[in-house]
Amino acid sequence: MGKFSVNENADAFRTMVATDTTTNRAKSFIVDGAPKFPSAAKYYLLDKVPIVQWLPRYHPSWLLTDFIAGLTIGVMLIPQGLAYAKIATIPIENGLYSSWIPAAICVFMGTSKDLSTGPTSILGLLTAEIVRDLKDEYGIAAIANAVAFMVGVYSLALGVLGLGFLLDYVSVPVLTGFISATALIIGTGQLGNLIGLSNVPDGVFNIIGNVLKRLPDWDGPTCGVGFGTIAILLALEKVGKKWGKKHFLIRYISSSRAVIVLVIFTLISYLVNKDRGSDVLWAISKVNTHGIVPPKAHDTGLISKVATRAVAPLVACTLEHLAVGKAFGRRNGYTIDQSQELNYLGVTNIVNSFFGAMPVGGAMSRTAVNSECGVKTPLNGLVTSSFILLTIYVFSPALYWLPKSTLAAIIIMAVVHLFGPVSAFYRYWRISLADFIASMLCFWITIFISAEIGIGSGAAFSVVWTMLRSAFVSPKIHSNNTEEPSSPTTPTSIKIRDPEFNIPNDSIVISFTDSIFYPNASRGKRTALEAIQLIYEKVVDHMISSPRERSWSVASERRVDRLRREHNVILRDTPLSIVVWDFTKVSFVDVTAILALGELKQDIRLYAGKEVQFRIVGLSVSVKERFVRAGWDLVDGEGWRQEDVDVIYESVQRAVSDRVGRKGSVLEEVIMEKTGR
């Protein structure tokens with residue numbers, strides 16, 4: 001490997017700078033990019049407002065479909081907004097405040113016609129955990145607003161900087177475990193309101209045990225309202241599945257079932273409780289809203305306290321939003337812009353946070369209904385936003401009488417479909433034990449500790465496992481040796497015979513199976529060197545004339561001897577003369593890898609002789625460029641053979657069959673060195 005030095009000669013220094021790849025890249029970026037900046041900035045800004053692209057193509061016939069879809073989502077958002085605000089343990093009217101701005105901004109910034117953004121059950125739970133820890137210092141609504149603000153800031157940063165790929169580190173099994181656990185937590189958390197019990201403890205299994213233990217204390221009227229709500233919701237869902245495709249009205253009624261039960265039981269509650277004063281027959285929600293909340297600045301101290309806590313809501317929000325958007329984009333023949341959706345989420349949550357909102361994101365149930373309505377463009381968001389505003393200003397007084405048990409039933413029926421299914425976890429078990437462990441780790445930690453730590457633990461396990469897999473990647477060693485048994489305990493992977501052609505006895509092929517970088521470079525070097533030491537005898541150093549001049553350490557030699565005995569390895573009678581490095585599967589190398597390969601080359605020559613020739617196959621352009629920049633001397637197969645030059649060949653077969661060395665036969669050169677001639 002070549003050595004770097006800065007020559008005192010000015011011309012040599014200028015030549016070095018002129019040929020430096022990194023310097024030229026920076027220069028090209030600045031010099032070539034500067035003139036293009038104005039036009040690039042123009043297109044960049046236009047991409048941030050997609051309405052500019054699709055509105056001129058809007059067809060008037062789409063207006064009715066968009067209106068119906070927008071109205072349907074607006075109707076759905078009323079009970080869902082109230083229910084998810086209840087999960088977040090903030091005033092339930094804040095669920096309505098959280099619902100109108102996302103739909104309006106989506107018209108201008110959204111890249112999905114189907115995606116419905118607003119409060120979700122998972123974001124409600126994650127917000128509730130933060131509210132619970134800080135409610136003694138700040139107002140509960142203010143805490144939710146601060147969380148929404150930080151989720152918006154983080155999401156906007158991810159979108160602007162194009163860092164959405166970081167979310168891919170949360171795997172599907174981890175997400176499944178997390179969503180299933182949150183669904184269980186949310187559902188059991190509503191049991192007390194469903195049956196009219198107070199002072200119900202926290203924790204899934206504590207709640208279940210307490211509810212069953214207090215069975216005689218269940219409140220009859222409250223149970224009637226709660227279970228009646230569930231019965232109607234189930235009936236309407238079944239009707240929609242069976243006959244929804246036959247008539248639009250049936251499908252519309254089924255998709256609006258939550259608002260139907262809300263109206264029915266709110267009306268019943270009003271008629272039953274209006275003359276009872278404070279002695280109501282069942283607990284009511286007492287929604288109290290008088291129009292849009294005036295914008296309010298955030299407390300900087302509160303922002304600093306929720307800054308780190310907002311990461312979990314951010315991950316849940318963005319993952320669900322992008323996953324739902326991509327799924328329905330594929331279903332309906334278009335592609336969403338992931339970075340732009342993150343920008344939209346960021347702007348939406350930031351603006352929303354000043355108007356009393358909790359964090360918001362895309363919701364599967366509403367998006368599915370929106371798609372079923374045949375929505376044509378994001379323009380439906382204007383209708384949704386208008387209906388929410390109409391509810392806030394006109395219809396909200398009627399929601400004062402909404403029974404808490406009805407709201408609890410709506411929540412339970414909304415999250416019951418989020419769990420599992422159990423077959424998904426069994427599938428992970430069958431496919432990958434590591435993924436199964438990650439999903440279970442996330443599930444049980446979320447259940448017993450917290451949702452934040454649960455999703456963090458699951459994601460951390462997946463990342464650590466991936467890093468460990470990268471660290472334990474070893475090259476495959478191809479050798480023509482029929483005497484070596486294959487054993488799972490063998491520390492190296494020695495392939496008995498190449499399936500396509502024979503490898504000469506004086507040659508060995510080292511096939512790197514993945515990119516080489518700092519986690520696996522050292523292990524790959526050790527594996528390759530050990531494989532050579534097992535089957536080739538060490539070249540005697542003729543410079544050592546007496547025993548006292550030999551090396552003091554014999555541990556490595558004894559280890560190799562022991563492995564030979566354990567695996568019945570027979571030494572070659574032919575010395576090693578050619579080492580082929582197969583880089584076909586290597587797409588990236590870093591500094592550590594290049595240094596390790598340089599050390600491997602030195603160690604092999606120290607063991608097998610300095611005349612051993614190294615030949616490289618399958619070197620990609622980018623990897624070759626790294627070697628050249630590191631000072632390696634590389635020539636092609638027909639190039640001049642000179643000392644310390646590595647030869648590049650087109651195929652492994654050509655690399656092992658070429659017998660020409662610098663002075664003649666490469667094997668003859670090695671034998672001459674071994675015999676000391």
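Residues numbered from 1 in each chain as written. Predicted model: local features only at pLDDT ≥ 70, side-chain atom pairs only at ≥ 80, totals over all residues. Heavy atoms only, no water.

Trainee: How should the overall build of the chain be read in this particular structure?
Mentor: Of regular secondary structure, the chain possesses 29 helices and nine strands. Residue burial in the chain is summarised as follows: out of 677 residues, 50% are buried. Just so you have it, the chain exposes about 33,500 Å², and 61% of that area is on carbon and sulfur atoms. (Helix = DSSP H or I, 4+ residues; strand = E, 2+ residues; numbered from the N terminus. Buried < 20%, exposed > 50% of the residue type's maximum accessible area, 1.4 Å probe, protein only. Areas by Shrake-Rupley, 256 points an atom, 1.4 Å probe, with all protein chains shown as cover.)

Trainee: Help me understand the pairing of strand S5 (residues 507–511) in this model?
Mentor: Remark: a regular strand shows side chains that alternate across the two faces of the sheet. Counting buried residues in S5 gives five out of five residues, a clear majority hidden from the surface. Residues of S5 alternate between two faces, with Ser507, Val509 and Ser511 on one and Ile508 and Ile510 on the opposite face, all of them buried. Looking at chain direction, strand S3 (residues 476–478) and S5 are connected through three bridges and run antiparallel. Within the sheet, the bridge partner assigned to His478 lies in S5 and is Val509. (Pairing = 2+ DSSP bridges.)

Trainee: Even after reading the chapter, I still don't get unusual backbone geometry, so can you show me in this structure?
Mentor: Generally, phi is negative for residues other than glycine and the peptide bonds are trans, each holding for most cases. If you check the backbone angles, Thr89 has positive phi at about 60° while not being a glycine. Among the secondary structure elements, Thr89 is positioned in the loop between helix H4 (62–87) and helix H5 (93–97). Despite not being glycine, Asn199 has its phi angle at roughly 55°, a positive value.

Trainee: Explanation requested: the packing of helix H8 (residues 140–161) against helix H16 (residues 311–331) in the structure shown.
Mentor: To describe two helices that pack against each other, one gives the angle between their axes and the distance between the axes. Remark: H8 packs on H16, axes separated minimally by 9 Å, with the N-to-C direction vectors making an angle of 60°. One finds that H8 runs oblique with respect to H16. Relative to H16, H8 is oriented so that their crossing is right-handed. Where H8 abuts H16, its residues Val147, Val151, Tyr154, Ser155 and Leu158 lie against Val311, Pro313, Leu314, Cys317 and Thr318. Considered class by class, the residues forming the contact of H8 with H16 number eight nonpolar, two polar and no charged. (Axes fitted to C-alpha atoms, helices over the stretch in contact; angles between N-to-C directions. Parallel < 35°, antiparallel > 145°, perpendicular 65-115°, else oblique. Left-handed = near helix turned anticlockwise from the far one by under 90°. Contact = heavy atoms within 4.5 Å. Nonpolar A, V, L, I, M, F, W, Y, C, P; charged D, E, K, R; others polar.)

Trainee: What's the story with the pairing of strand S7 (residues 613–617) in this structure? I'm lost.
Mentor: With five of five residues buried, S7 is to be regarded as a mostly interior element. Side chains of S7 alternate between two faces, with Gln613, Arg615 and Val617 and Phe614 and Ile616 buried alike. Relative to S7, strand S6 (residues 578–582) runs parallel, the two being bridged by five bridges. Note on S7: the bridge partner recorded for Trp581 is Ile616. The pairing of S7 with strand S9 (residues 646–649) spans three bridges and is classified as parallel.

Trainee: Can you help me understand the packing of aromatic side chains in this one?
Mentor: Any pair of aromatic rings gets described here by the distance separating the centres and the angle formed by the planes. The tally for this structure, following the rule as stated, stands at 21 aromatic pairs. When the ring of Phe425 is compared with that of Tyr428, the centres are 6.3 Å apart and the planes differ by 90°; the resulting orientation is edge-to-face. Here Tyr428 and Phe425 lie together in helix H21 (residues 422–431), a separation of three residues that amounts to about one turn. Accessibility assignment for this pair places Phe425 and Tyr428 in one class, buried. Between Phe517 and Tyr518, the aromatic rings sit 5.7 Å apart at their centres with planes inclined by 85°, giving edge-to-face as the arrangement. (Phe/Tyr/Trp six-rings, centres within 6.5 Å; stacked < 30°, edge-to-face > 60°.)

Trainee: Any chance you could explain a nonpolar patch on the surface here in plain terms?
Mentor: A surface patch of nonpolar side chains, about 720 Å² in accessible area, is lined by Phe205, Ile208, Leu212, Trp444, Phe448, Ile449 and Ile453. Mapped by element, the contributors of at least two residues to the nonpolar patch are helix H11 (204–213) and helix H22 (433–448). At three residues, the largest contribution of residues to the nonpolar patch is made by H11. Looking at the secondary structure, you find Phe205 in helix H11. For Phe205, a relative accessible area of 45% translates into the label partly exposed. (Patch = residues over 30% accessible without salt bridge, like charges linked within 9 Å, V, L, I, M, F, W, Y side chains within 5 Å. Salt bridge = Lys/Arg side-chain N within 4 Å of Asp/Glu carboxyl O.)

Trainee: So what exactly am I meant to see when it comes to the nonpolar core here?
Mentor: Generally speaking, nonpolar side chains in soluble globular proteins are found buried as a group. Among the nonpolar cores identified, the biggest contains 86 residues, and Leu82, Phe178 and Val306 are the most heavily contacted of them. Looking at this core, the element that brings in the most residues is H4, giving 11 residues. Not counting chain neighbours up to four residues away, the residues in contact with Leu82 comprise Leu77, Ile92, Glu93, Leu96, Leu262, Val287, Leu399, Leu402 and Leu407. Ranked by size, the runner-up nonpolar core spans 40 residues in total, among them Phe512, Val560, Val586 and Val589. (Core = buried A, V, L, I, M, F, W, Y, C linked by side-chain atoms within 4.5 Å.)

Trainee: I keep staring at the pattern of salt bridges and nothing clicks. Help me out?
Mentor: Side chains that carry opposite charge are capable of pairing whenever their charged atoms lie near each other. Under the counting rule described, the total for this entry stands at 10 salt bridges. Between Lys525 and Glu599 there is a salt bridge, with its nearest N and O atoms 3.0 Å apart. Placement of Lys525 in helix H24 (residues 521–535) and of Glu599 in helix H26 (residues 591–608) is noted, with a sequence separation of 74 residues between them. The shortest N-O distance in the salt bridge between Lys601 and Asp646 comes to 2.9 Å. Residue Lys601 is located in helix H26, and its partner Asp646 is located in strand S9; the two are separated by 45 residues in the primary sequence. Asp646 carries the same exposure label as Lys601, and that label is buried. Linked by salt bridges that have partners in common, Arg132, Asp133, Arg309 and Glu452 make up one network.

Any functional reading would require information that these geometric values do not contain.
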